[in-house]
Amino acid sequence: MRFSTVILCMLMFLSSGSFHSAFGQQSRQKTVQLTIWALPRPEDTGIDARCQRKVINAFQNKYPYIKLSAPTGIEIPEMSAMDTKPLMAIAGGVSPDVIYVNFRQSDTYIQEGFLYPLDEWFNKLPKDEQDERILPQVRKVVLRHGPGKRDGTDPAKHYWALPYGTYVKGLCWRKDLFQASGLDPERPPQNWNELLEFSRRCTDPVKGIYGLAWTRSPHWSAYFYSILCSAGVRAMEERGDNNWYASFNSPQAVDAYEFIVKLLQGRWKHRSGRMVEGVVCRDDASGLLWAQGRIAIIERYFTDDLLANINPELVGIAPVPAGPGGKRSSELNCAMCGIFSGTAAKGNDVLEAAWKFVHFMGSREAKDIRTRVLVENGYGIFANPVNLERLGYTDYLRRIPKNWRDAFNEAISNGEPEPYGRNCQMIYNYMSIPADQMQIEGLGRNPSPTARKRIAKILDDYVQRANEKMIGHIPPAELKKRRIVAAITALIIFAGFAWLFRYVIKVFTPADAKGTWQFRRFRLAYILLLPAIILIALWRYVPMFWGATMALQDYHILLSSSWTGIDNFAAVLWDPEFWQSLRASFWYAFLSIVMGFFAPIALAILLHEVPKGKVVFRILYYLPAVISGLVVMLMWKNFFEPSERGLLNQIITGIPAAGWYSTAILITAVFAVSAYFNARNGHSVAASILGVLTVLSAVGTVALIAWGQFPLKPQRWLENPHWAMPCIILPTIWAGLGPGCLIYLAALKTIPEDLYEAADLDGAGFFGKIWHVTIPTISVLIFMNFIGAVISAFRVAEYILAMTGGGPAGKTQVLALKIFYDAFVHLRFGFATATAWILGAMLIGFTVLQMKRLSRVEFKTAEGN
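Parameters and conventions
Residues numbered from 1 in each chain as written. Predicted model: local features only at pLDDT ≥ 70, side-chain atom pairs only at ≥ 80, totals over all residues. Heavy atoms only, no water. Core = buried A, V, L, I, M, F, W, Y, C linked by side-chain atoms within 4.5 Å. Buried < 20%, exposed > 50% of the residue type's maximum accessible area, 1.4 Å probe, protein only. Contact = heavy atoms within 4.5 Å. Salt bridge = Lys/Arg side-chain N within 4 Å of Asp/Glu carboxyl O. Helix = DSSP H or I, 4+ residues; strand = E, 2+ residues; numbered from the N terminus. Pairing = 2+ DSSP bridges. Patch = residues over 30% accessible without salt bridge, like charges linked within 9 Å, V, L, I, M, F, W, Y side chains within 5 Å. Areas by Shrake-Rupley, 256 points an atom, 1.4 Å probe, with all protein chains shown as cover. Lys, Arg positive; Asp, Glu negative; His and termini not counted. Charge placed at Lys NZ, Arg CZ, Asp CG, Glu CD. Expected span 1.5 Å × (residues − 1). Phe/Tyr/Trp six-rings, centres within 6.5 Å; stacked < 30°, edge-to-face > 60°. Lys NZ or Arg CZ within 6 Å of the ring centre and 35° of its normal. Axes fitted to C-alpha atoms, helices over the stretch in contact; angles between N-to-C directions. Parallel < 35°, antiparallel > 145°, perpendicular 65-115°, else oblique. Nonpolar A, V, L, I, M, F, W, Y, C, P; charged D, E, K, R; others polar. Polar contact = N/O pair within 3.5 Å; in protein donor to acceptor, adjacent residues only side chain to side chain.

Brief notes about the nonpolar core
Phase 1 of the analysis: One finds Leu34, Phe248, Tyr257, Phe357 and Phe569 to be the most contacted residues of the largest nonpolar core, which totals 232 residues.
Phase 2 of the analysis: Setting aside chain neighbours within four positions, we find Tyr257 in contact with Phe224, Leu228, Phe248, Met431, Pro434, Ala435, Met438, Ile455 and Leu459.

Below you can see the structure in the form of structure tokens.
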């Protein structure tokens, strides 16, 4: 009886909620879907990816009810994915719950309301864990005032992100290149003078080897920021509470930029006897060039794992060289993650899951996992000694090169946090453009007191621009004047658009039309037009009118937007970058018309006259159009490589002086002979054109012989402000020649042959028939395409983004690209929209011409023979 009672009690306990609470609570936990900014790709076999996968697996084993996923996102070529990808996701309304936060973007994320404060969890962490996770230099980055400080609703500071890895930049050098150049492979450069000397000794342009490598991206100053830090320069400084100013124009900054342009342009004699300019290769594939052994010195981030991917037999590491005052300092950064503010709307379960992930990524448990993976895969000497000692891997402590640990510790202790002030995501751009401008003016070729004064003036100008545009420091009197001019401009723009709508309606209204809409009479036509009207209104006019309101606002994605009136128009009109971009847009449109608009017409006429193989020629010319536009641009970008290994540089440097002279003379002779025979046969128009070409060619030949600087030197095509724009347009012409040619070929087929026969009877030659018959007959098509080409030229952005990103010094940053940067990279939507309205107003004239001509065109079906 007692036994049966015990059994019954046990069964009752097993079926009770207490048992399930004790043993089945986790299995009944509600599943939480959590999106994070990125997950390691399965195909990535690098040691960093393996460490990351192990940490992610450990998190999912610890919290099996949290299901992780990573959304795909848009990345912008020429720009850092960590800068642009999160912003594009937020702007598109698909932000992950846990987002990556870097120093430069931190203020924008905080002030735009993108981050959820972490105080409720962070303050519960033990003090020693707080100090371990956040270095003293980093605390001021993550502990900040939020957007509530502006309106007084929340004056307190909050923790907005939590670091999970510390990065600091240091120097890496290729020991094999040092040894081949006669340098001690174990001794890095200790100061600026040695950095320049060592770089020169390693540079060999013939072999495509350079001392240093920096990128061509718009924010390339990040690659020489350590030079500024070692000179004692701060990109921005805080004067008072959250009152930021750009400050890269100090005397120390002048010293640093003078040295930077010397690295880029300083002329020196190579051991082969040749004069060489600079020791820096500016290429976006600098990492690949380093791996190929074509770069001697490069800066890299030292992580807690101490560069597990490098070979200590081949590569040395050290702190950055000391500046003039003996100071070594470089950029200190942290990998940080925060919780997206929109996650709060998903409920406390998702918020708690997001915090668990944020906390786990940099926890001691995660560090131990990374250390074990490093040891198990043979990378134990690259692990943090503190973690090795805690886990008992003491044998590896003796094998770690002492200079590595010393270099890392010195870099950490002297590290200067990456700029993190107001709107700081733009600061590297503002520090890059002055260096571009100094290169354009050649200030590094001939150092002098005059050049130094010019460097100081350029820095003062761009610091003023940064303080005005990036931070918004404008005197009240100046702001009042700008508002008056902007108000007049805005009225003109909106009046112009209103007139355009009225004009279009008037032009397309038949002369005999009655004043009513006549819905009953033409109801079928209206029904057929309704879907098109709805779609056009939805995708064209609704965004346009919505943009009209955005142009009058300080627009925010998440926070409430405030009305600013015509301040955005005032900011645009007084923005030097706007006028520079406008000039670049006109220059691009001019070159694209001159270089590319008439080429398809000429090619179509020539193909029309080809007696045999027309189909073959048409296919050959059309094939480039099959290739993706981005692929075309990247392919040509390789052709424009600035070293002597670049295809275009190989061609121009491989032609001797005699080759250039004979080619010029041959072209002149061909023109002269053609002009003679055309004049002899009575073709006066052709003879006149060829005669002018003969004179121009002869003058060019004489100038070429007088110049005589052969063989030509390698050109930095995309870094040269004179060549960059033509180099961008050339691939578009190559790719677009075929499709444009086919359109004109079809038009040429419609020209009656009797017109050409009549021209023959009148004695017209080849050019005469083109001028008097072909061009007038297809003039409507040419005119319509011309207007469309001009408008399209002002809307081009993607090709320039892929080739130069707008550089050098903004010389190729057209208005369309600037609007894109302002809106989706800098989140200045109101400013970007105001710019777009001004650009649209400028193109109204072309639109009116196009509409007026289109209203007179009659479309007829072709008649059969």
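Alright, that's what it looks like, and here's the rest.
Structural notes on the pattern of salt bridges
Phase 1 of the analysis: Under the definition given, this model contains 34 salt bridges.
Phase 2 of the analysis: The shortest N-O distance in the salt bridge between Glu194 and Arg187 comes to 2.8 Å.
Phase 3 of the analysis: Between Glu258 and Arg452 there is a salt bridge, with the nearest N and O atoms lying 2.9 Å from each other. Within this pair, whereas Glu258 is found in helix H13 (residues 251–265), its partner Arg452 is found in helix H21 (residues 449–471), the two being separated by 194 residues in sequence.
Phase 4 of the analysis: One continuous salt-bridge network, built from bridges that share partners, spans Lys469, Asp575, Glu577, Lys818 and Asp822.

As for the pairing of strand E16 (residues 331–340)
Phase 1 of the analysis: Of all ten residues making up E16, ten are buried, and the element is well covered by its neighbours.
Phase 2 of the analysis: Taken together, the four bridges between strand E3 (residues 98–101) and E16 define a ladder with antiparallel strand orientation. Each residue of the ladder has a partner; that of Tyr100, found in E16, is Cys337.
Phase 3 of the analysis: With two bridges joining them, strand E4 (residues 115–116) and E16 adopt antiparallel strand pairing. By the bridge assignment, Leu115 is partnered in E16 with Phe340.
Phase 4 of the analysis: Here strand E7 (residues 162–174) runs beside E16; their pairing, made up of six bridges, is antiparallel. Across the sheet, Tyr167 pairs through a bridge with Asn333, a residue of E16.
Phase 5 of the analysis: In the sheet, E16 pairs with strand E17 (residues 416–417) via two bridges, with the strands oriented parallel.

Structural notes on a negative patch on the surface
Phase 1 of the analysis: Taken together, the side chains of Glu609, Glu753, Asp754 and Glu757 define an acidic patch exposed on the protein surface.
Phase 2 of the analysis: The element best represented in the negative patch is helix H32 (residues 753–761), accounting for three residues.
Phase 3 of the analysis: Secondary-structure assignment places Glu753 in helix H32.

Examining helix H15 (residues 348–361)
Phase 1 of the analysis: Taking 1.5 Å per residue, 14 residues should reach 20 Å; H15 reaches 20 Å between its end C-alpha atoms and fits that length.
Phase 2 of the analysis: For H15, the set of buried residues is Val350, Leu351, Ala353, Ala354, Trp355, Phe357, Val358, Phe360 and Met361.

So, the packing of aromatic side chains
Phase 1 of the analysis: Inspection of the entire model under this criterion finds 37 aromatic pairs.
Phase 2 of the analysis: Relative to Trp220, the ring of Trp214 has its centre 6.0 Å away and its plane inclined at 40°; by these criteria the two rings are tilted.
Phase 3 of the analysis: Taking relative accessible area as the criterion, Trp214 reaches 5% and is therefore assigned buried.
Phase 4 of the analysis: Summarising the aromatic geometry, the rings of Tyr676 and Phe677 are spaced 5.2 Å apart at their centres and angled 75° between planes, so their arrangement reads as edge-to-face.
Phase 5 of the analysis: Among the aromatic residues, those joined into a cluster by ring pairs are Trp37, Phe59, Tyr63, Tyr65, Tyr100, Tyr164, Phe357 and Phe360.
Phase 6 of the analysis: The ring of Tyr223 carries Lys169 above its face, with NZ or CZ at 5.3 Å from the centroid.

Some points on the packing of helix H26 (residues 614–622) against helix H31 (residues 724–748)
Phase 1 of the analysis: Contact geometry of H26 with H31 gives a least axis separation of 7 Å together with a crossing angle of 140°. Taken together, the axes of H26 and H31 are oblique relative to one another. Packed against H26, whose contacting residues are Arg618, Tyr621 and Tyr622, the element H31 presents Leu737, Gly738, Pro739, Leu742 and Leu745 at the interface.
Phase 2 of the analysis: Residues that form the contact of H26 with H31 fall into these classes: six nonpolar, one polar and one charged.

What to know about the side chain of Thr371
Phase 1 of the analysis: Within the secondary structure, Thr371 is located in helix H16 (residues 364–376).
Phase 2 of the analysis: Under the relative-accessibility criterion, Thr371 is labelled buried at 2%.
Phase 3 of the analysis: Within the structure, Thr371 has its side chain in polar contact with the backbone oxygen of Lys367 (distance 2.9 Å).

Fair warning: the whole summary comes from geometry, so function is off the table for now.
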